[in-house]
Amino acid sequence: MIIKQLSIFLENKRGRFTEVAQLLGREGINMMAFTVSENSDFGILRLIVSDTDKALNILRNNKYAVSEADVICLHCPNEPGALGRAMGFITDAGVFIEYMYAFSEGKSANVIIRPDDLETCHKVLTDNKLELIAASDLYKL
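This is a predicted model, so every value here is computed, not measured. (Residues numbered from 1 in each chain as written. Predicted model: local features only at pLDDT ≥ 70, side-chain atom pairs only at ≥ 80, totals over all residues. Heavy atoms only, no water.)

J.: Looking at this model, I keep getting lost on the packing of helix 3 (residues 82-92) against helix 4 (residues 118-127). Mind explaining?
T.: Relative to each other, helix 3 and helix 4 sit at 130°, their axes nearing to 9 Å. Taken together, the axis directions place helix 3 and helix 4 in an arrangement best described as oblique. Between helix 3 and helix 4 lies a crossing of right-handed hand. Seen from helix 3, the contacting residues are Ala 86, Phe 89 and Ile 90; seen from helix 4, they are Cys 121, Val 124 and Leu 125. Taken together, the residues that form the contact of helix 3 with helix 4 break down as 6 nonpolar, no polar and no charged. (Axes fitted to C-alpha atoms, helices over the stretch in contact; angles between N-to-C directions. Helix = DSSP H or I, 4+ residues; strand = E, 2+ residues; numbered from the N terminus. Parallel < 35°, antiparallel > 145°, perpendicular 65-115°, else oblique. Left-handed = near helix turned anticlockwise from the far one by under 90°. Contact = heavy atoms within 4.5 Å. Nonpolar A, V, L, I, M, F, W, Y, C, P; charged D, E, K, R; others polar.)

Shown next, in the form of C-alpha cells:
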C-alpha cells in the first residue's frame, strides 16, 4: 500500500504556504497530511492530498517546483511504545528512514514514512502484522 506524496519547494517568504493552501482549496483538493521543513533559503512542504495528479498539474501550472514520491502510511495505536516497536522492525531489517511525520486522532496514529528501501520496509511491516493504510483509506480519515 504505497501512497503518493508531493514535495513543494517554497521560498522562505511570508505567505508562500498560504498561497499553496488557498490554491489547492480553490481547486477542491484537500490536504490530508503535511509537514514543512526549512533552511535559511527555502522550505519543503510535503503533503498528501485527495487528488495527487490534479494537484501536481495545478501546482506546476502555477510555477511551483514540485515532485512526487512514494511513501508508506503506518496505522498504529496512539500509545506509548507502538511506534518504537514498528521502528525496531524497520531498523532490524536494515532500512534507513529518510524522513517521517505523523498525525493522530483519538486512539490511533498514522505515520507517513519515506524509507530508502520502500519494498523492504513494506514487507517487514506487513510480515510483522502491522497495519498499513492505502491511499484511498487515508483520504477517508
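J.: Would you mind going over the side chain of Asn 110 with me for this structure?
T.: Here Asn 110 lies in strand 6 (residues 108-115). With relative accessibility at 5%, the residue Asn 110 sits in the buried group. Of the polar contacts made by the side chain of Asn 110, one reaches the side chain of His 75; its length is 2.7 Å. (Buried < 20%, exposed > 50% of the residue type's maximum accessible area, 1.4 Å probe, protein only. Polar contact = N/O pair within 3.5 Å; in protein donor to acceptor, adjacent residues only side chain to side chain.)

J.: Is there a simple way to think about helix 4 in this case?
T.: One turn of an α-helix holds 3.6 residues; hence residues three or four places apart share an orientation. Listing the buried residues of helix 4 in full gives Leu 118, Cys 121, Val 124 and Leu 125. Buried residues of helix 4, seen end-on, are gathered within an arc of 140° and therefore sit on one face of the element. Those residues of helix 4 that are buried lie in contact with strand 1 (2-11), strand 4 (65-77), helix 3, strand 6 and strand 7 (131-132). (Arc of directions from axis to C-beta.)

J.: Help me understand the packing of helix 1 (residues 16-26) against helix 2 (residues 52-61), please; the structure alone is not making it clear to me.
T.: Relative placement of two packed helices is described by the angle separating their axes and the distance separating the axes. Helix 2 packs onto helix 1 with a crossing angle of 125° between their chain directions and a minimal axis gap of 11 Å. Classified by the angle their axes make, helix 1 and helix 2 are oblique. Considering only the axes of helix 1 and helix 2, their crossing is right-handed. Mapping the contact onto sequence places Val 20, Leu 23 and Leu 24 in helix 1 and Ala 55, Ile 58 and Leu 59 in helix 2.

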